[in-house]
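Per-entry structural report
The primary structure of each chain is shown beneath.
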Amino acid sequence: MNILHVCKTDMGGGAARAAYRINEALNTNSSLNSKMRVIIKKSNEKNILSKNDIFNSYLFPKYLAIINKIYRLGFKTKNNIIHSTALIKTGLERELRFYKLYNDVDIIHLHWLGDITLSIEEIGLIRKPIVWTLHDQWPFCGAEHYTYPNPNNKSKFIDKRYFSNYEKESRLSFESGRDINRLTWLRKKKAWGKKMHIVCPSKWMNECAKKSSLFKNHQIITIPNPIDTNFWLPIPQEKARKELNLPLDKRLILFGAMSAGDKRKGIHFLLEALNKLNLLLEEKMLKQIELIIFGEENNNSIEINYPIRFSGRINNDKKLNLIYSAADIFVNPSMQESFGQTASEAHACGTPVVAFDFGGLKDIVEHLETGYLAEPYDTTSLAIGIKWTIENYQRNQIIGIKGREKAVKKWDYGVISEMYSEIYKNILS
């Protein structure tokens, strides 16, 4: 079978990494021939296709971004997540229909698209069978890529517009100007009459998609994001720390994300929890703790009593593997995650994970088995989880081993490629 994945880019951001890994995983299966078509290509992989010239990879996307920005003028919202209206045709759908290279493609597999990959209307014109892996909520929402989380009111973690047809009465009180979320949703409703096969990386995303007005009548299944467990391996902690020049006698707490300063990633929850940890741990243990942060972050906003090491954005996966292995625990306090690849990477490296009991992270962390799931979004509960996971060295080692075992059993390339292969076979039969 010939599979063509369509994504904005092959690198840079969790969704791109997930799509790249799915493509890699499928090519470990002898019955599948998998390629990617991206707008912005950053890797050197031969099976990733792009018109890698200045017009197609820079000038035209810039033009589309400007048009979409103008369309959103006057729109105001407290939901600071990225919004994509996918308003203008990019020409990619026509390419998929007429370009000889794609004649033998059996299935078009969509991933993260944004404003510059395919317009909403172009998606509706694709003639090949479509599989769509949801790396966020945009496919069944309006323009927003995630609904607005409200951590201060646990009965309203997410708004409900996506399963109430984006009626005017459902608009959130803090939004004003042109209702681009409703307008974008209406365009999707009109353009997407064809049934698509929806893949969700987590049970939470699956539940959201099934509630949605757009996808509730589509086939929806859950397949986790894959990870190459032959690459992401536990490295002896002492060895990893020596290579990274990290202290051998400290208890290292790790936090990181592609954009660590993104409020949705929850660094503010972590800092609050670490301040509360002062009241939970003995002074001897407190003096041993250091925090490591990787990713793009805003250093100026961090106030905490513990030493902090900033690693910046890491583009070298071998180094990232070392960092996970060097840490005693990885904390992922995200408010919303379609899956949570940093947590699965940590588990693959044998590192326990502390997270909130919400979203895709519920599928990754086994409470008190591979880590700790804290009450959303309770920073006292998060602090208790950090304490439980880090205070007992022997227990810490045991749950790290269990995390590694889960990664191999549930997310290995071979496991995930077989799951996708079955879907493709069922579609084509």
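Everything that follows concerns the structure shown earlier in this document.
All values derive from a computational prediction rather than experimental measurement.

Summing up its helical and strand segments, the chain has 15 helices and 13 strands in all. The C-alpha atoms of the chain give 22 Å as radius of gyration, which agrees with the globular expectation for 429 residues (22 Å, within 12%). Overall, the chain is about 65 × 50 × 40 Å in size when its C-alpha atoms are taken along their principal axes. Counting the 429 residues in the chain, one finds 56% classified as buried. Partitioning the intrachain contacts of the chain with sequence separation of at least 6 by distance along the chain shows that 68% fall at a separation of at least 24. Charged side chains in the chain number 62 positive and 46 negative. The centres of these two groups are separated by 5 Å.

Summarising the element assignment, Arg404 is placed in helix 14 (residues 393–411). Within the buried core, Arg404 has no salt-bridge partner, and the shortest N-O distance to an opposite charge, that of Asp412, equals 6.9 Å. Among the polar contacts listed, one links the side chain of Arg404 to the backbone oxygen of Ala348, at a separation of 2.9 Å. Beyond its immediate chain neighbours, meaning those up to four positions away, Arg404 contacts Thr229, Trp232, Leu233, Pro234, His347, Ala348 and Gly350.

Think of two packed helices as two axes; the pair is described by the angle between the axes and how far apart they sit. At their nearest, the axes of helix 7 (residues 237–244) and helix 10 (residues 317–326) sit 8 Å apart, and the two run at 125° to each other. With respect to helix 10, the element helix 7 is oriented oblique. Along this stretch, helix 7 crosses helix 10, giving a crossing that reads as left-handed. Every residue of helix 10 that contacts helix 7 at Gln237, Ala240, Arg241, Glu243 and Leu244 is listed here: Lys319, Leu322, Ile323, Ser325 and Ala326. Tallied by class, residues from the contact of helix 7 with helix 10 come to five nonpolar, two polar and three charged.

A few words now on the environment of Lys194. Structurally, Lys194 can be placed in the loop between helix 5 (180–191) and strand 6 (197–200). Distance in space between the C-alpha atoms of Lys194 and Ile126 is 9.3 Å, their sequence separation being 68 residues. Contacts of Lys194, omitting those with residues within four sequence positions, involve Ile126, Arg127, Lys128, Pro129, Ile130 and His218. A polar side-chain atom of Lys194 sits 3.5 Å from the main-chain carbonyl oxygen of Arg127. Of the polar contacts made by the side chain of Lys194, one reaches the backbone oxygen of Lys128; its length is 2.4 Å.

Here the focus is the environment of Asp115. Tracing the sequence through the fold places Asp115 in the loop between strand 4 (107–110) and helix 4 (120–125). When near neighbours in sequence (up to four residues on either side) are disregarded, Asp115 contacts Leu64, Asn68, Arg72, His83, Ser84, Thr85 and Ala86. Of note is the side chain of Asp115, whose polar atom sits 3.3 Å from the side chain of Arg72. Within the local environment of Asp115, its side chain forms a polar contact with the backbone nitrogen of Ala86, the two atoms lying 2.8 Å apart.

The full count for this structure, using the stated rule, is 25 aromatic pairs. Between Trp138 and Trp192, the aromatic rings sit 6.4 Å apart at their centres with planes inclined by 70°, giving edge-to-face as the arrangement. Of this pair, Trp138 sits in the loop between strand 5 (130–133) and helix 5 while Trp192 sits in the loop between helix 5 and strand 6, placing them 54 residues apart in sequence. Trp192 gets classed as buried once you look at its relative accessible area, which sits at 8%. Ring centres of Phe269 and Tyr377 lie 5.6 Å apart, and the angle between their planes is 5°; this geometry places the pair in the stacked category. One end of the pair, Phe269, is in helix 8 (residues 267–277); the other, Tyr377, is in the loop between strand 13 (371–374) and helix 13 (379–390), and 108 residues separate them in sequence. When sorted by exposure, Phe269 lands in the same class as Tyr377, which is buried. The positively charged end of Lys188 is found above the aromatic ring belonging to Trp138, 3.7 Å away from the centroid.

This next bit is on the pattern of salt bridges. In total, this model carries 22 salt bridges according to the counting rule given. Note that Asp317 and Arg17 form a salt bridge whose closest N and O atoms lie 3.3 Å from each other. Here Arg17 lies in helix 1 (residues 14–26) and Asp317 lies in helix 10, a separation of 300 residues in the sequence. Look at Asp317 and you get partly exposed, because its relative accessible area is 25%. Here the salt bridges do not stand alone but share partners, grouping Arg17, Arg21, Asp317 and Glu345 into one network.

To continue, consider helix 10. For an α-helix, 3.6 residues make a turn, and residues three or four places apart therefore share a direction. Most of helix 10 sits out of view: seven of its ten residues are buried. Measuring from the side-chain oxygen of the N-cap residue of helix 10 to the backbone nitrogen of Lys318 gives 2.9 Å; that N-cap residue is Asn316.

Taken as a whole, the second largest pocket encloses approximately 430 Å³ of empty space. Lining the second largest pocket are 19 residues; nearest its centre among them are Met11, Arg17, Tyr20, Arg21 and Asp317. The set of elements that each furnish at least two residues to the lining of the second largest pocket consists of helix 1 and helix 10. Residue contributions to the lining of the second largest pocket peak at four residues, all from helix 1. Class assignment of the residues belonging to the lining of the second largest pocket gives a composition of seven nonpolar, four polar and eight charged.

The rules behind these values
Residues numbered from 1 in each chain as written. Predicted model: local features only at pLDDT ≥ 70, side-chain atom pairs only at ≥ 80, totals over all residues. Heavy atoms only, no water. Helix = DSSP H or I, 4+ residues; strand = E, 2+ residues; numbered from the N terminus. Rg over C-alpha atoms; globule rule 2.2 N^0.38 Å. Buried < 20%, exposed > 50% of the residue type's maximum accessible area, 1.4 Å probe, protein only. Contact = heavy atoms within 4.5 Å. Lys, Arg positive; Asp, Glu negative; His and termini not counted. Charge placed at Lys NZ, Arg CZ, Asp CG, Glu CD. Salt bridge = Lys/Arg side-chain N within 4 Å of Asp/Glu carboxyl O. Polar contact = N/O pair within 3.5 Å; in protein donor to acceptor, adjacent residues only side chain to side chain. Axes fitted to C-alpha atoms, helices over the stretch in contact; angles between N-to-C directions. Parallel < 35°, antiparallel > 145°, perpendicular 65-115°, else oblique. Left-handed = near helix turned anticlockwise from the far one by under 90°. Nonpolar A, V, L, I, M, F, W, Y, C, P; charged D, E, K, R; others polar. Phe/Tyr/Trp six-rings, centres within 6.5 Å; stacked < 30°, edge-to-face > 60°. Lys NZ or Arg CZ within 6 Å of the ring centre and 35° of its normal. 1 Å grid on protein atoms, 1.4 Å probe; cavity = no way out; pocket = protein on both sides within 12 Å on 5 of 7 lines; lining within 4 Å. Points joined across faces, edges and corners; volume = space filled by probe spheres on them.

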